[in-house]
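Spelled out from the first residue to the last, the chains are:
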Amino acid sequence: MKILVTGGTGYIGSHTAVELQEKGYEVIIVDNLSNSSIEVLDNIEKITGVKPLFEQFDLTDPKRTAAFFKQNNDIRAIIHFAAFKAVGESVEKPLMYYRNNLISLVNILQGMIDNGIENIVFSSSCTVYGQPDKLPVSENSPIKKAWSPYGNTKQMSEEIITFTSDVNDIQAILLRYFNPIGAHESALIGELPIGVPNCLMPYITQTAIGIREYLRVWGDDYPTPDGTAIRDYIHVVDLAKAHVIAIERMIGQKGKQKVEVFNLGTGNGFSVMEVINSFERSTGVKLNYEIMGRRPGDVVEVWSDTEYANKELGWTAEKSLDEMTKSAWNWEKELEIKRKANNE
Ligand code: NAD
Ligand code: WQD
């Protein structure tokens, strides 16, 4: 059964391609490699024994996307990861984000309608909730005004999919991820941040390996037990597995509505200091860090209510915070070997 994974050479897409192939699905990846590398395909093959089918093009190109769907109208379901995702960059360049994230989605939905492809899983984000009024945050929590164009593209994408599904034979599962971190246990695939990382985990591993001098902890005066902000970190492999289950749910017609929404988190909130402590504990490496002021736009705390996903998908995130931080470190060490080999 053929599954299209857009953005499949990227961080979450590559882990999902592995899980799909391990379950016997045929994976076809479309990616323009704007934020990933072609070598990922070989590494997926090293892990699974199978090299996914691959086409390199930009999904914002309507003609190219239409031609692709015409040639591949045997696709049973789509997992749509391809998007730009840097919150800060989206504030600087909003149109680049609206163009990339929305036009690619419109082109994909058109391809589905024109070729009778009925199932799509969409990568959404807990950013759609902003700072929720109540914790843990459930799927029914209100969607707050977007804090960034990036977050706004996720809100708009969810609406575009829902309105399109209303009048077409399209079922969708919208997955709202919390904070994915970590890497595959093989350390063959992982997150590849370009430039200075904005996110906590790659900043920690790059500091520990010596690329960055020290981690800046953004604020220790939040109303949390240790004063640092709290997030629901989820291992990327747990996240990837939920996608396979979502696909099986749609193909097996087990959904309750045409468009369903699930939070994907662990249900546990960890503070920045707890992540640092976990990193030091799981790797035995000491981390340089300094406490700074708060980062503008950061929410104080957010974690997921996992009950609905646990019950309906029969899925639970299994990996601990220590497994997440350790696997992220193993991946950083692999990257360092490659950097040295390339004299970077
Ligand atoms: P990523 O950047 O590693 O992967 C995205 C991939 O999409 C990249 O390989 C990129 O080259 C490709 N791409 C982007 N625009 C494209 C286009 N127009 N045509 C073809 N390919 C294109 O990002 P990721 O962390 O794997 O995120 C995957 C999805 O999950 C994104 O939609 C992101 O917004 C969402 N998400 C990510 C996080 C996170 O923290 N990583 C959290 C919530 C949601
Ligand atoms: C986590 C915590 C920081 C870096 C972002 C997006 C969100 C989603 C996930 C896509 C915060 C602190 C961080 C550093 C630090 N992505 N931190 N020093 O902001 O929760 O979410 O990624 O949808 O939309 O906004 O993740 O990893 O940047 O930060 O102290 O150098 O770590 O202040 O408390 P965030 P993050």
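That block above? That's the structure.
None of these values were measured; they are calculated from a predicted model.

Chemist: Hey, could you go over the overall build of the chain for me, with residue numbers and the actual values?
Modeler: For the chain, the helix and strand inventory stands at 11 helices and 13 strands. Over its C-alpha atoms the chain spans a radius of gyration of 19 Å, differing by no more than 12% from the 20 Å that the globule rule assigns to 344 residues. C-alpha extents for the chain along the principal axes are approximately 55 × 50 × 40 Å. Sorting the 344 residues of the chain into buried and exposed places 53% on the buried side. Of all intrachain contacts in the chain linking residues separated by at least 6 positions in sequence, the fraction that spans at least 24 positions is 79%. Element-wise, carbon and sulfur atoms account for 50% of the exposed surface of the chain, whose accessible area totals about 15300 Å². With 35 positive and 46 negative side-chain charges, the chain shows a spacing of 2 Å between the two charge centroids.

Chemist: Could you give an account of the nonpolar core, with specific residues and numbers?
Modeler: Among the nonpolar cores identified, the biggest contains 38 residues, and I3, L20, L175, I247, L264 and W315 are the most heavily contacted of them. Listed in part, the 21 residues of the second largest apolar core include L109, I117, F122 and L174.

Chemist: Let's hear about the environment of E260: which residues, and what values?
Modeler: Here E260 lies in strand β11 (residues 259-264). Along the primary structure E260 and A66 are separated by 194 residues, whereas in three dimensions their C-alpha atoms are 26 Å apart. Polar contacts involving the side chain of E260 include one to the main-chain amide nitrogen of K256, which spans 2.8 Å.

Chemist: Requested: an account of the site of ligand 1, with residues and values cited.
Modeler: Contacts to ligand 1 come from 27 residues, most closely from D31, N35, S36, K85 and Y150. Within the backbone of N32, a nitrogen or oxygen atom sits 3.1 Å from a nitrogen atom of ligand 1. One nitrogen or oxygen atom from the side chain of Y150 is found 2.6 Å from an oxygen atom belonging to ligand 1. Starting from 830 Å² of accessible surface for ligand 1 in isolation, the protein chains cover 95%. Listing elements by their share of the shell around ligand 1, those giving two or more residues are α1 (11-22), β5 (119-125) and α6 (149-166). A total of 3 residues in the shell around ligand 1 trace back to one element, the largest contributor, which is β5. Among the residues forming the shell around ligand 1, the class breakdown is 11 nonpolar, 12 polar and 4 charged.

Chemist: How would you explain the pattern of salt bridges if you had to name every residue and give the values?
Modeler: Inspection of every chain in the model, using the stated rule, returns 17 salt bridges. For the salt bridge of D42 with K51, the shortest nitrogen-to-oxygen distance reads 2.9 Å. Note on D42: relative accessible area 33%, which makes it partly exposed. Ionic pairing is found between E191 and K85, a salt bridge with its closest N-O pair at 3.8 Å. Taken together, the residues E191 in the loop between β7 (179-181) and α7 (200-209) and K85 in the loop between β4 (75-80) and α4 (87-92) connect sequence positions 106 residues apart. We classify E191 as buried; its relative accessible area is 14%. In the salt-bridge network here, residues are joined through shared partners; they are R249, K256, E260 and E312.

Chemist: Break down the environment of Q206 for me, citing the residues and quoting the values.
Modeler: Along the chain, Q206 falls in helix α7. By relative accessible area, which is 6% here, Q206 ends up buried. It is 9.2 Å that separates the C-alpha atoms of Q206 and V196, two residues lying 10 residues apart in sequence. Apart from residues lying up to four places away in sequence, Q206 is in contact with P193, P197, I211, R212 and E332. A distance of 2.9 Å separates a polar atom in the side chain of Q206 from a polar atom in the side chain of R212.

Scoring rules and cut-offs
Sequence order as written defines residue numbering, which begins from 1 separately in each chain. Here chains are named by letter from A upward and ligands by number from 1 upward, in the order in which they appear as written. The predicted nature of this model means local features are confined to residues of pLDDT at least 70 and side-chain atom pairs, given and counted, to a pLDDT of 80 or more, with totals for whole chains, interfaces and linings taken over all residues. Hydrogens and water are ignored here; the side-chain numbers use all heavy atoms of the structure. Helix numbering and strand numbering both begin at the N terminus, where a helix is a DSSP run of H or I of at least 4 residues and a strand a DSSP run of E of at least 2. As a reference, a globule follows 2.2 Å times the number of residues to the power 0.38, and the radius of gyration itself is taken over C-alpha atoms. Three labels apply to residues, based on accessible area from a 1.4 Å probe with only protein chains included: buried if under 20% of the type maximum, exposed if over 50%, partly exposed otherwise in between. The contact criterion used throughout is that any non-hydrogen atoms of two residues lie within 4.5 Å. Working definition of accessibility: Shrake-Rupley area with a 1.4 Å probe, residue cover restricted to the visible protein chains. When charges are counted, neither His nor the chain ends are considered; positive counts come from Lys and Arg and negative counts from Asp and Glu. Note that the charge is assigned to NZ on lysines, CZ on arginines, CG on aspartates and CD on glutamates. What is meant by a nonpolar core is a set of buried Ala, Val, Leu, Ile, Met, Phe, Trp, Tyr and Cys residues, joined one to another through side-chain atoms within 4.5 Å. Identification of polar contacts relies on pairs of N or O atoms within 3.5 Å, with a donor-acceptor requirement for protein atoms, meaning one able to donate a hydrogen and the other able to accept it, and with residues adjacent in sequence counted only if both atoms are side-chain atoms. Summary of the distance rule: residues count as near a molecule or strand when at least one heavy atom falls within 4 Å of that molecule or strand. Here the term charged refers only to Asp, Glu, Lys and Arg, the term nonpolar to Ala, Val, Leu, Ile, Met, Phe, Trp, Tyr, Cys and Pro, and the term polar to all other amino acids, Gly among them. Take a side-chain nitrogen of Lys or Arg and a carboxyl oxygen of Asp or Glu: if they are within 4 Å of each other, that pair is a salt bridge.

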